[in-house]
Amino acid sequence: MANVSQIEHSLLSHHMTRIRDVKSDTLVFRQSIQVIGELLAYETLRTLDTKSEPIHTPLAAHDGRSVCERVALVPILRAGLALVDPFIRMLPHASVLHLGMYRDEKTTTPVWYYNKLDEDLTDITAFVLDPMLATGGSLIAAIDELKSRGAGRIRVASIIAAPEGIDAVTGAHPDVEINVCEVDSHLNDAAFIVPGLGDAGDRYFGTAQ
Ligand code: PRP
């Protein structure tokens, strides 16, 4: 799939099984999401631009390198919040710009309730964080909003995606790269990912389903 990268790692397989398992409680779910988030951050941030940074080690001069992109993490509330800490552990200087939207249960279209994006995003690289890519409606709305404020470099980090959602996002925004841990079979009649893991926000925050 163009612009879609999947991660392969034994630890990822292990923790993906933990978050999918209906028997996993909130504690196990949170612990495994954090490990998955770090593996996802490691891969998604792999190609950040770096610049030369000459330094001295205790023994000699050395031509080092440092990350030179201005990065903004853009979590889609609520479930996207689960990915913020693992990404910040990899990139402590990143800004965090929150977007709040939930999916209407009947129409499956996103409903906005919060937007903390800067007005001008022209010189930042935005990483949109959302564990679940189902129909793609939420991500498309988020990317539309980022582009309307000038963001030119946008990437998506997601844990589980449905093929239908990937097609929708890459169709609407072919320039946006998607990093995903696993791609599932399909969406069911309620637009839930199958086999999926259920409702990521409810399982991460321990709220009633
Ligand atoms: C879920 C999920 C995504 C969205 C995916 O959020 O976290 O944001 O649905 O669906 P889509 O690709 O069809 O748009 P939800 O509406 O359950 O809100 P929550 O994170 O607050 O639980």
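Before reading further, recall that the structure is shown in the block above.
To keep things clear, this report deals only with the structure shown in the data block. Think of each chain on its own: its residues are numbered from 1, step by step along the sequence as written. Per-residue local features of the predicted model are confined to residues with pLDDT of at least 70, and side-chain atom pairs are confined, for both listing and counting, to 80 or more; whole-chain, interface and lining totals are unaffected and use all residues. Excluding hydrogens and water, the side-chain values take into account all heavy atoms of the structure.

Successive residues of a regular strand alternate their side chains across the two faces of the sheet. Relative accessibility under 20% of the residue-type maximum defines a buried residue, over 50% an exposed one, and the middle range a partly exposed one, all with a 1.4 Å probe and only protein chains included. Each helix corresponds to a stretch of at least 4 residues labelled H or I by DSSP, and each strand to a stretch of at least 2 residues labelled E; elements are numbered beginning at the N terminus. Counting buried residues in strand 10 (residues 153-161) gives eight out of nine residues, a clear majority hidden from the surface. Pairing between strand 8 (residues 125-129) and strand 10: five bridges, direction parallel. Across the sheet, Thr125 pairs through a bridge with Arg153, a residue of strand 10. Strand pairing is assigned whenever DSSP identifies at least 2 bridges connecting the two strands. By the bridge criterion, two bridges tie strand 9 (residues 132-133) to strand 10 in an arrangement that is parallel. Bridging across to strand 10, Leu133 finds its partner in Ala161.

All right, on to a nonpolar patch on the surface then. Residues form patches when they are more than 30% accessible in relative terms and have no salt bridge. Like charges link within 9 Å. Nonpolar side chains (Val, Leu, Ile, Met, Phe, Trp, Tyr) link within 5 Å. Values of accessible area rely on a 1.4 Å probe in the Shrake-Rupley scheme; residue burial ignores everything except the protein chains shown. We define a salt bridge as a contact between a side-chain nitrogen of Lys or Arg and a carboxyl oxygen of Asp or Glu at a distance within 4 Å. Together, Tyr102, Tyr113 and Tyr114 make up a nonpolar patch on the protein surface, roughly 330 Å² of accessible area in all. For Tyr102, the location among the structural elements is in strand 6 (residues 99-103). Here Tyr102 falls in the partly exposed class, since its relative accessible area comes to 44%.

Right, let's get into the environment of Leu117. By the secondary structure assignment, Leu117 is in the loop between strand 7 (110-115) and strand 8. Each C-alpha atom, one on Leu117 and one on Ala41, is 21 Å from the other, the two residues being 76 residues apart in sequence. Residue contacts for Leu117: discarding those within four places in its chain leaves Val74, Leu97, His98, Leu99, Glu145, Leu146 and Arg149. Contacts between residues were defined by any pair of non-hydrogen atoms, one from each residue, lying within 4.5 Å.

A few words now on the packing of helix 4 (residues 137-148) against helix 5 (residues 163-172). Viewed as axis vectors pointing N to C, helix 4 and helix 5 meet at an angle of 20°, and their least axial separation amounts to 9 Å. As the angle between them shows, helix 4 and helix 5 are arranged roughly parallel. For the pair helix 4 and helix 5, the sense of crossing is right-handed. Facing helix 4, whose interface residues are Leu139, Ile140 and Ile143, helix 5 presents Ala168, Val169 and Ala172. Among the residues making up the contact of helix 4 with helix 5, the classes are represented as six nonpolar, no polar and no charged. Interaxial angle, 0 to 180 degrees, is taken between N-to-C directions of lines fitted to C-alpha atoms, where a helix line uses only the stretch in contact. Roughly parallel means an angle under 35 degrees; roughly antiparallel, over 145; roughly perpendicular, 65 to 115; everything else is oblique. The crossing is said to be left-handed when, going from far helix to near helix, the turn is anticlockwise and less than a right angle, and right-handed when the turn is clockwise. Amino acids are sorted into nonpolar (Ala, Val, Leu, Ile, Met, Phe, Trp, Tyr, Cys and Pro), charged (Asp, Glu, Lys and Arg) and polar (every other residue, Gly among them).

With respect to the secondary-structure elements, Arg155 resides in strand 10. The definition of a polar contact used here is a pair of N or O atoms within 3.5 Å, where within protein one atom must be able to donate a hydrogen and the other to accept one, and adjacent residues in sequence count solely through side-chain atom pairs. Engagement of the side chain of Arg155 in a polar contact is seen with the side chain of Thr47, the distance being 3.0 Å. Within the structure, the side chain of Arg155 is placed 3.0 Å from the side chain of Glu177, a separation counted as a polar contact.

The quantities given are spatial measurements derived from coordinates; they are silent on function.
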